[in-house]
Amino acid sequence: MTDTLVQRYLDHVRFEKRLAERTVALYALDLEKLASNAALAGVELAQVQSSHIRRWVAQMHSGGRSGRGIALILSGWRGFYTWLGREGLVASNPVQDVRAPKAGKPLPKALNVDDAVQLARFHNESANPWLEARDAALVELLYGGGLRLAEVTGLDVLASSHARGWVDLQAGEAHVLGKGSKRRIVPVGAQAVLALQRWLAVRDQGLPPPQLTGTAAQAAEAEPQTALFIGRNGTRLSAQSIWKRLQGRSLQAGLPVPVHPHMLRHSFASHLLQSSSDLRGVQELLGHANISTTQIYTRLDFGHLAKAYDAAHPRARLKPGGSK
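The text that follows walks through the structure, step by step, so that each part is easy to find.

1. Points about helix α10 (residues 239-252)
Point 1. In a regular helix each residue adds 1.5 Å, so 14 residues correspond to 20 Å; α10 covers 20 Å between its end C-alpha atoms and thus fits that length.
Point 2. Inspection of α10 places Ile242, Leu246, Arg249 and Ser250 among the buried residues, and these make up the whole buried set. Each buried residue of α10 sits inside an arc of 100 degrees when the element is viewed along its axis, so together they form one side. Turned more than 90 degrees from where α10 packs its buried face, Gln240 and Lys244 sit exposed.
Point 3. Looking at the residues trailing α10, positive phi occurs at Gly254, about 90 degrees.

2. Points about unusual backbone geometry
Point 1. Not every positive phi belongs to a glycine, and Arg18 is a case in point at roughly 55 degrees.
Point 2. Here Arg18 shows up in the loop between α1 (2-16) and α2 (21-41).

3. Focus: the environment of Gln252
Point 1. You can see Gln252 is positioned in helix α10.
Point 2. Polar side-chain contacts of Gln252 include one of 3.3 Å to the side chain of Asn124.

4. Overview of the packing of α2 against helix α4 (residues 67-86)
Point 1. Between α2 and α4, whose axes approach to 9 Å, the crossing angle comes to 80 degrees. Our classification of the angle between α2 and α4 gives roughly perpendicular. Judged by residue contacts, Tyr27, Asp30, Leu31, Lys33, Leu34 and Asn37 of α2 engage Leu72, Ile73, Gly76, Trp77, Phe80 and Tyr81 from α4.
Point 2. Its residues placed into classes, the contact of α2 with α4 shows eight nonpolar, two polar and two charged.

5. Some remarks on the pairing of strand β3 (residues 173-177)
Point 1. Relative to β3, strand β2 (residues 165-168) runs antiparallel, the two being bridged by three bridges. Bridged to Val167 within β3 is Ala174.
Point 2. Adjacent in sequence and paired antiparallel, β2 and β3 are bridged by four residues, among which Gly172 carries a positive phi angle near 70 degrees.
Point 3. The sheet contact formed by β3 and strand β4 (residues 183-187) spans five bridges and is antiparallel.

6. Concerning empty space enclosed by the protein
Point 1. For the structure on display, the rule yields one cavity of 30 Å³ or more.
Point 2. Its volume calculated, the largest cavity comes out at about 50 Å³.
Point 3. Every element with two or more residues in the lining of the largest cavity is listed here: α6 (129-145) and α10.
Point 4. Considered class by class, the residues forming the lining of the largest cavity number five nonpolar, no polar and three charged.

7. Looking at the sheet that holds β2
Point 1. Taking strand neighbours across the sheet as the criterion, the four strands line up as β1-β2-β3-β4 in an open arrangement whose pairing is mixed. Where the open sheet ends on each side, the last strands, each with one partner, are β1 (155-156) and β4.

8. Brief notes about the side chain of Glu140
Point 1. Looking at where Glu140 falls in the secondary structure, it is placed in helix α6.
Point 2. At 6.0 Å, Arg198 is the nearest oppositely charged side chain to Glu140, a buried residue that forms no salt bridge.
Point 3. Dropping the residues within four chain positions of it, Glu140 is found in contact with Ala120, Gly145, Gln191, Ala192 and Ala195.

9. Re the packing of aromatic side chains
Point 1. Inspection of every chain in the model, using the stated rule, returns eight aromatic pairs.
Point 2. Ring centres 5.0 Å apart and planes at 70 degrees place the aromatic pair Trp130 and Trp199 in the edge-to-face group. Of this pair, Trp130 sits in helix α6 while Trp199 is found in helix α8 (residues 190-202), placing the two residues 69 residues apart along the sequence. In terms of burial, Trp130 and Trp199 fall into one category: buried.
Point 3. Ring-pair connections join several aromatic residues into one group, and the members of that group are Tyr9, Tyr27, Phe80, Tyr81 and Trp83.
Point 4. Directly above the aromatic system of Trp130 lies the positively charged group of Arg232, at a separation of 4.4 Å from the ring centroid.

Conventions and cut-offs
- Residues numbered from 1 in each chain as written.
- Predicted model: local features only at pLDDT ≥ 70, side-chain atom pairs only at ≥ 80, totals over all residues.
- Heavy atoms only, no water.
- Helix = DSSP H or I, 4+ residues; strand = E, 2+ residues; numbered from the N terminus.
- Expected span 1.5 Å × (residues − 1).
- Buried < 20%, exposed > 50% of the residue type's maximum accessible area, 1.4 Å probe, protein only.
- Arc of directions from axis to C-beta.
- Polar contact = N/O pair within 3.5 Å; in protein donor to acceptor, adjacent residues only side chain to side chain.
- Axes fitted to C-alpha atoms, helices over the stretch in contact; angles between N-to-C directions.
- Parallel < 35°, antiparallel > 145°, perpendicular 65-115°, else oblique.
- Contact = heavy atoms within 4.5 Å.
- Nonpolar A, V, L, I, M, F, W, Y, C, P; charged D, E, K, R; others polar.
- Pairing = 2+ DSSP bridges.
- 1 Å grid on protein atoms, 1.4 Å probe; cavity = no way out; pocket = protein on both sides within 12 Å on 5 of 7 lines; lining within 4 Å.
- Points joined across faces, edges and corners; volume = space filled by probe spheres on them.
- Lys, Arg positive; Asp, Glu negative; His and termini not counted.
- Salt bridge = Lys/Arg side-chain N within 4 Å of Asp/Glu carboxyl O.
- Phe/Tyr/Trp six-rings, centres within 6.5 Å; stacked < 30°, edge-to-face > 60°.
- Lys NZ or Arg CZ within 6 Å of the ring centre and 35° of its normal.

Set out below in structure tokens:
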């Protein structure tokens, strides 16, 4: 009976619903698992209850199946029982109110300290000196300050009432406009200050003169000249350009994976937490409204946390003689 019901349903989705053969094959695998579970439980497919489904979901979850994978299986089972209901073979759908476990929030990708330092120290001797100075300053600012990409692109050379952000090199501080139009001040490390000084020394070399006459539109085109980071045409460097330049630079530096700007922000946060354990301080530096957003970085390096525990907790280490 079980095999007959499953085959009838597969024929239904193949010929009446005209699903792709690949999809039908996946349904067949999921229903094979359902039939196997039912057989082990000693029940017919038409007699399966919600309690059975929840038990099997728990078994899949404890066996390492991801929440997304379980959700896909449940979707196939739900469709099967919906069809059985239309055929008058079940009174209710046992999968209807069963949901897969929530997928865990993925950890942000961060570089290890050695890779981050390798990227920051990288110097491309064969590159255009103007581009090299700019890109090196970008890396130092993204990693050394933990800035968002939009915060970096919004920086101007000089502070002003209408500037979205700027860097005070003398004070070693970046003034940025973050999410929710909230301003904050972020310390900028000595290496970033040096890199920015080298960039500013060559920034204006070989740029086209600003077009200050003409229509308002022409004047607006000249405005990006105030940007801290610019392209060869003198306009404000776009987020897409920074993304591409950083990916290429990370591969040139010999890193195993291409790096994107937000990865450097994640690296800044995790490396700072590894050294200081000051979650509130890192929250302020990142500009997070909620501490829960910052707490995800505490999960990045469990090995580091375990070492910190072993070194600091009075009950973590064995005393001489094998006792705690």
